[in-house]
Amino acid sequence: MGIQYDDFLDTAYSPAADDLRCTFRIVPASDMSMEAAAARVASESSNGTWAALDVETDVSRLSAVAYALRDDGTVKVAYPADLFEDGNLAQVLSCIAGNIMGMKAVESIRLEDCEWPAALAEDFPGPRYGSAVKHRLLDAGDRPALATVPKPKVGLPPEAHAQVGYDAWMGGVDLLKDDENLTDQSFNPFEERVTRSFDRADEAESETGDRKDYLVNITAETDEMVRRAEFVADHGGRFVMVDIVTAGWSALQTVRERTDDLDLAIHAHRAMHAAFDRLPHHGVSMRCLAQFARLAGVDHLHTGTAGFGKLANEDTVGINAWLRSDLHGLADVLPVASGGLHPGIVDSVLDETGGDVMIQAGGGIHGHPDGTRAGAEAFRAAAEAWVEGESPDERAEEVPALRVALDKWGTETPR
Ligand SMILES: O=C(COP(=O)(O)O)[C@H](O)[C@H](O)COP(=O)(O)O
Ligand SMILES: [Mg+2]
């Protein structure tokens, strides 16, 4: 039988329940119609090629179909579930975000959204805890979970790093967090940092009576990540952090699977996400990256600050809603707002995201004029004031450290 581009376009197509439905934003090449470009996208991302083929086997049941072409430049493509290998995220992405990203038939193409059928989603583990980390592993209760990343982001030796952690825990944060580019460098070796930091966490726990933990960046080659996760668990840690985009989806899947018996929560830092999602017409949306991360099984994911922080954000509120929505029984994901946060804008961010999030500050805590502990007190006071419906200025009457932070930064959006 023959296969050609026309076979991949059916504007009246009604997808099957098991189809993976992807929405693309397409700008066709200047000499190509939207229909022709969309057919090529469906073809190249499933089982077609540039040449018409004559094949003995009927492979049409594995073909994708482009449909729902809209004037706004979006088109949907439906992929039959059998096109995909069970639980293999890399294989899925090699279809739906693979060769098509470089096709000359399109001027640009962006994968905007996916609707995951049960047939695919149920083959992935999803998060172990999701937002339940707030009460299962921490004492955050109804307030946002609070985390801090020491600054300078690299350069502190292990002892100083652990001291920053202690000060921040004592000031009221739940979690110390490594920065995305701190792993196992000579100035701050992984094992010494972990050992010293957990010793100080124990001190802070017994002095405050609250659970204190540490998002340890285990990002490395895959086997080494697993080894580091085991080291963290051996030292009483309940969380690991993975730079999920730079480490890669398959590596993340391996960490999720091979540490399953350690009961760890996975904190997903998204460094490099903007290489995929920052351009509005090309790449892969943050919304989709968040979907891949949830399927692979991260418990928390950075999704931005709804416009208030130092970094560009795509639809923080909409992505967070998706992370909380039902996905065929998979656990939800706790969104993390981070990047230029400080006590003066905590209320604005939480007004957008709601309180069921983690908020994280580095400079906005350690840049406090009176140091890390005062910075953490101010950050916690700002979060608690929001939960209790009080303004930052009202709360600052009782918390001098918050007054100092508000006087320093006001409501500025850092850049
Ligand atoms: O180090 C920080 C924040 O530090 P600071 O609080 O000093 O700005 C994180 O890497 C960013 O949150 C990443 O961005 P995003 O969360 O958007 O992925
Ligand atoms: Mg960082």
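An unreviewed UniProt entry annotates the chain as Ribulose bisphosphate carboxylase originating from Halosegnis marinus. For the chain, the Sequence similarities (unreviewed entry) comment in UniProt is given as "Belongs to the RuBisCO large chain family. Type III subfamily."

Caption draft 1: Main features of the overall build of the chain. Within the chain one finds 17 helices and 15 strands. Rg of the C-alpha trace for the chain: 23 Å, near the compact-globule value of 22 Å for 415 residues, within the 12% margin. For the chain, the spread of C-alpha atoms along the principal axes amounts to about 75 × 40 × 35 Å. The 415 residues of the chain split such that 55% are buried. Relative to all contacts within the chain whose residues are 6 or more apart in sequence, the contacts with residues 24 or more apart total 76%. Accessible surface computed for the chain: about 16,500 Å², of which carbon and sulfur atoms make up 46%. Of the charged side chains in the chain, 37 are positive and 71 negative; the average position of the first set lies 4 Å away from that of the second.

Caption draft 2: Examining the UniProt feature "active site" (unreviewed entry) in the chain more closely. Mapped onto this structure's residue numbering, the UniProt feature "active site" (unreviewed entry) falls at Lys-151 and His-269. The residue Lys-151 is located in the loop between strand S7 (145–148) and helix H5 (158–171) in this model. Along the chain, the position of His-269 falls in strand S11 (residues 265–269). According to the relative accessible area criterion, His-269 is buried, its value standing at 11%. Ignoring sequence-local partners within four residues, the contact set of His-269 consists of Lys-177, Glu-180, Met-241, Val-242, Asp-243, Ile-244, Val-245 and His-302. In this structure the side chain of His-269 is engaged in a polar contact, spanning 3.3 Å, whose partner is the side chain of Glu-180.

Caption draft 3: Structural context of the site of ligand 1. Near ligand 1, the surroundings consist of 16 residues, among which Arg-270, His-302, Ser-338, Gly-340 and Gly-362 are the closest. In this structure, Glu-180 approaches ligand 1 through a side-chain N or O atom, which is 2.9 Å from an oxygen atom. His-269 is positioned with one of its side-chain polar atoms (N or O) 2.8 Å from an oxygen atom of ligand 1. Calculation on ligand 1 without its partners gives an accessible area of 450 Å², and the protein chains cover 93% of this total. Among the residues forming the shell around ligand 1, the class breakdown is 3 nonpolar, 8 polar and 5 charged.

Cut-offs used in this document
- Each chain carries its own residue numbering, running from 1 in the written order of its sequence.
- Each chain takes a letter, starting from A, and each ligand takes a number, starting from 1, following the order in which they are written.
- Whole-chain, interface and lining totals are the exception, using all residues; otherwise, since this is a predicted model, local features are given only for residues with pLDDT of at least 70 and side-chain atom pairs are given and counted only at 80 or more.
- To obtain the side-chain values, all non-hydrogen atoms of the structure were included, while hydrogens and water were left out.
- UniProt positions are given in the numbering used here, feature names are shortened, and annotations may be inferred rather than shown by experiment.
- In DSSP terms, a helix is any run of H or I states spanning at least four residues, a strand is any run of E spanning at least two, and both are numbered starting from the N terminus.
- As defined in this context, the radius of gyration uses C-alpha atoms, and a globule is described by 2.2 Å times the residue total to the power 0.38.
- Think of it in three bands: with a 1.4 Å probe and only protein chains considered, a residue is buried below 20% of the maximum accessible area for its type, exposed above 50%, and partly exposed in between.
- For this analysis, residues touch if any pair of their heavy atoms sits within 4.5 Å.
- Note on areas: Shrake-Rupley with a 1.4 Å probe; residue coverage comes only from the protein chains shown.
- For the purpose of counting charges, residues Lys and Arg are taken to be positive, whereas Asp and Glu are taken to be negative. His and the chain ends are not included.
- One atom stands in for each charge, and that atom is NZ of Lys, CZ of Arg, CG of Asp or CD of Glu.
- Here a polar contact means two N or O atoms within 3.5 Å. Within protein one must be a hydrogen donor candidate and the other an acceptor candidate, and residues neighboring in sequence count only if both atoms are side-chain atoms.
- Any residue with a heavy atom lying within 4 Å of a molecule or strand is counted as near it.
- Only Asp, Glu, Lys and Arg are considered charged, only Ala, Val, Leu, Ile, Met, Phe, Trp, Tyr, Cys and Pro nonpolar, and every remaining residue, Gly among them, polar.

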